[in-house]
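# Overview (structure and organization)
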Amino acid sequence: MNTLEFANGDSMPALGLGTWKSKPGEVFGAILSAINIGYRHIDCAPIYGNEKEIGEALKKCFDDKIVKREEVWITSKLWNDQHHQEEVVPALKNTLQDLQLEYLDLFLIHWPVVVKKGLYRPGSADGFISLKELPIGDTWMGMETALEKSLARHIGVSNFSVKKLEALVAGAKVKPEMNQIEMHPYLSQPEMVSFCNKNSIHLTAYSPLGSFDRSPKVKRMDEPVLMNDSILSAIAEEHGCTAAQVLIAWAMKRGTAVIPKSVSPERLKQNFEATHVSLTATNMEEINTLNKHYRYIDGSFWTPEGSPYTIANLWDE
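## Here we look at the nonpolar core
I31, I74, L104, F107, W111, L279 and W302 are the most contacted members of the largest nonpolar core, which totals 101 residues. For this core, the element with the highest residue contribution is helix α8 (residues 243-253), accounting for 8 residues. Those residues in contact with W302 that lie beyond four places of it in its chain are W79, N80, W111, V113, V115, Y120, R121, P122, F128, S307, Y309 and L314.

Next comes the structure, spelled out in structure tokens:
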């Protein structure tokens, strides 16, 4: 298994299990299957609504001595309605209680977006708080406190642009060690990869298979289906594997972590076996030609009329 190395000597498995869209009632079995298959990296978030069930599954794995706590990398995130500095540690403690853990390996700011207390996704502008009113720097001081209290071993962000990372790095006492972003061959983000490499910030790719299992309500009619790309299919045939395995292998070959989601034991096993797919330099070059700068998760749900957030200022493009 490839790993990402941190300055303190910690190692994060490059392949993890994503739990976004994993329904309660399904995720318990998915975690047990994943751990038994060999996964040692689980990506969570309270907004996914399944951390209590994940906590039960982790407890069973630890109690049954299938794996030790220190052998599993657990990531979770801070939701948008808890960005005030003094709210960060209590939010993390709630997550730790749900996951039945004493610490997280990695704690991330989920979005550079702030909403009013108790809201998930505001439907109108009055549910938002602008970053001028509540800057990310204030939230980050709360993240640093969580680190100081040893409630998280590492801290980082998610869905941040290069511009936002630059600003955060410039003002932080402890710089972020991770940015978790949508990343796949249709959105390969070369500028972000270059910036993070230069600044010793790791990257995790979410929706690495093109997020084809999203609700039809949030899909665009004309969106491209990544898994059906002819170049990926040809490379998969060359290696005797699936297009999904090619996508996972591509992400790891670039030196990033990747967190495909599944609750199917068979699919979990297939995804894990992507660690044995060795893409050639020519394969990588072919895949790199596919970049369309296409976001499946474009953040438009943060941009109702009058919102302080727009597509332009969210991604700074």
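Read on for the rest.
## Let's talk about the environment of V258
Residue position: V258 is located in strand β12 (residues 257-258). Here V258 is in contact with A14, L15, G16, T204, A205, P208, I248, A251 and M252, once residues within four sequence places are set aside.

## What to know about the side chain of T19
Its location among the elements puts T19 in the loop between β3 (17-18) and α1 (27-37). A relative accessible area of 1% places T19 in the buried class. Engagement of the side chain of T19 in a polar contact is seen with the backbone oxygen of D43, the distance being 2.6 Å. Those residues within four positions of T19 in sequence are excluded, and the remaining contacts are V27, I31, I42, D43, C44, Y48, N50 and I54.

## Concerning the packing of α1 against helix α2 (residues 51-63)
Two packed helices can be described by the angle between their axes and the distance between those axes. Between α1 and α2, the shortest axis-to-axis distance is 8 Å and the interhelical angle comes to 35°. Viewed along their axes, α1 and α2 form a crossing whose handedness is right-handed. In this structure, α1 contributes V27, F28, I31, L32 and I35 to the contact, and α2 contributes E53, I54, E56, A57, L58, K60 and C61. When grouped by side-chain class, the residues that make up the contact of α1 with α2 number 9 nonpolar, no polar and 3 charged.

## Considerations on the packing of α2 against helix α3 (residues 85-99)
It is the contact of α2 with α3, at a shortest axis distance of 6 Å, that shows an interaxial angle of 50°. As judged from the angle between their axes, α2 and α3 are oblique. Two secondary-structure elements touch here, α2 through E51, K52, I54, G55 and L58 and α3 through T95, D98 and L99. In the contact of α2 with α3, the residues fall into 3 nonpolar, 2 polar and 3 charged.

## Describing the packing of aromatic side chains
By convention here, two paired aromatic rings are described through the distance between centres and the angle between planes. Summed over the entire model, instances satisfying the criterion amount to 11 aromatic pairs. Joined through ring pairs, the aromatic side chains of W79, W111, Y120, F128, F301, W302, Y309 and W315 make up one cluster. For R69, the ring lying beneath its charged end belongs to Y103, and the centroid distance is 4.1 Å. The residue whose ring lies beneath R121 is F301, and the NZ or CZ to ring-centre distance is 4.4 Å.

## Let's talk about the sheet that holds strand β9 (residues 155-158)
Ordered by their spatial adjacency, 8 strands build an open sheet running β3-β4-β5-β6-β9-β10-β11-β12, and the pairing between neighbours is parallel. Strand pairing shows two members of the sheet lacking a second neighbour, β3 and β12, which therefore form its edges. With 3 bridges connecting them, strand β6 (residues 106-109) and β9 associate as parallel partners. Bridging from a neighbouring strand, I109 pairs with V157 of β9. Set on the sheet, helix α4 (residues 136-148) makes contact with β5 (73-78), β6 and β9; between it and β9 the angle comes to about 140°.

## Quick look at the pairing of strand β10 (residues 178-182)
When a strand is regular, its side chains alternate between the sheet's two faces. A large share of β10 lies buried, amounting to 5 of its 5 residues. The pairing of β9 with β10 spans 2 bridges and is classified as parallel. Within β10, the residue paired with V157 across the bridge is N179. After leaving β9, the chain enters helix α5 (residues 162-171) and then returns to the sheet as β10, a path that is right-handed. Examined bridge by bridge, β10 and strand β11 (residues 202-206) share 5 bridges and lie parallel to one another.

## Structural notes on unusual backbone geometry
A positive phi angle, close to 60°, is found at S150, a residue other than glycine. As for its position among the elements, S150 is in the loop between α4 and β9. Among the residues examined, S150 registers a relative accessible area of 51% and is labelled exposed. Here D316, not a glycine, exhibits a phi torsion of approximately 55°, which is positive. Along the chain, D316 turns up in the segment after α11 (311-315). Under the relative-accessibility criterion, D316 is labelled partly exposed at 29%.

How each quantity is defined
Every chain begins its residue count from 1, and numbering advances along the sequence as written. Restriction of local features to residues with pLDDT of at least 70 applies here, the model being predicted, together with a cutoff of 80 or more for giving and counting side-chain atom pairs; totals for whole chains, interfaces and linings are based on all residues. Note that water and hydrogens are dropped before the side-chain values are worked out from all heavy atoms of the structure. Definition used in this section: a nonpolar core is a set of buried Ala, Val, Leu, Ile, Met, Phe, Trp, Tyr and Cys residues joined via side-chain atoms within 4.5 Å. For each residue, the accessible area found with a 1.4 Å probe, counting protein chains only, is set against the maximum for its type, and the residue is called buried under 20%, exposed over 50%, and partly exposed in between. Each helix is a run of H or I in the DSSP string that is no shorter than four residues. Each strand is a run of E no shorter than two, and both are numbered from the N terminus. Only heavy atoms enter the contact rule, under which two residues are in contact if any of them lie within 4.5 Å. Two N or O atoms form a polar contact when they lie within 3.5 Å of each other; inside protein one atom must be a possible hydrogen donor and the other a possible acceptor, and for residues adjacent in sequence the pair counts only when both atoms belong to side chains. Structural elements are reduced to axes, namely lines fitted to C-alpha atoms, with helices fitted over the stretch in contact, and the angle between N-to-C directions of any two is expressed from 0 to 180 degrees. Crossings are assigned a handedness: left-handed for a near helix turned anticlockwise from the far helix by less than a right angle, right-handed for a clockwise turn. Three classes are used, and their members are as follows: Ala, Val, Leu, Ile, Met, Phe, Trp, Tyr, Cys and Pro are nonpolar, Asp, Glu, Lys and Arg are charged, and the others, Gly among them, are polar. Convention used here: angles under 35 degrees read as roughly parallel, angles over 145 as roughly antiparallel, angles from 65 to 115 as roughly perpendicular, and any remaining angle as oblique. To pair, rings of Phe, Tyr and Trp, with the six-membered ring standing in for Trp, must have centres within 6.5 Å; the planes then decide the type, stacked if under 30 degrees apart, edge-to-face if over 60, and tilted in the middle. By definition here, charges over rings are those cases where NZ of Lys or CZ of Arg is within 6 Å of the ring centre and within 35 degrees of the ring normal. Note on pairing: DSSP must find at least two bridges between two strands before they are called paired. Call a crossover right-handed when, viewed with both strands pointing away from you, the route from the first strand across the helix to the second goes clockwise.

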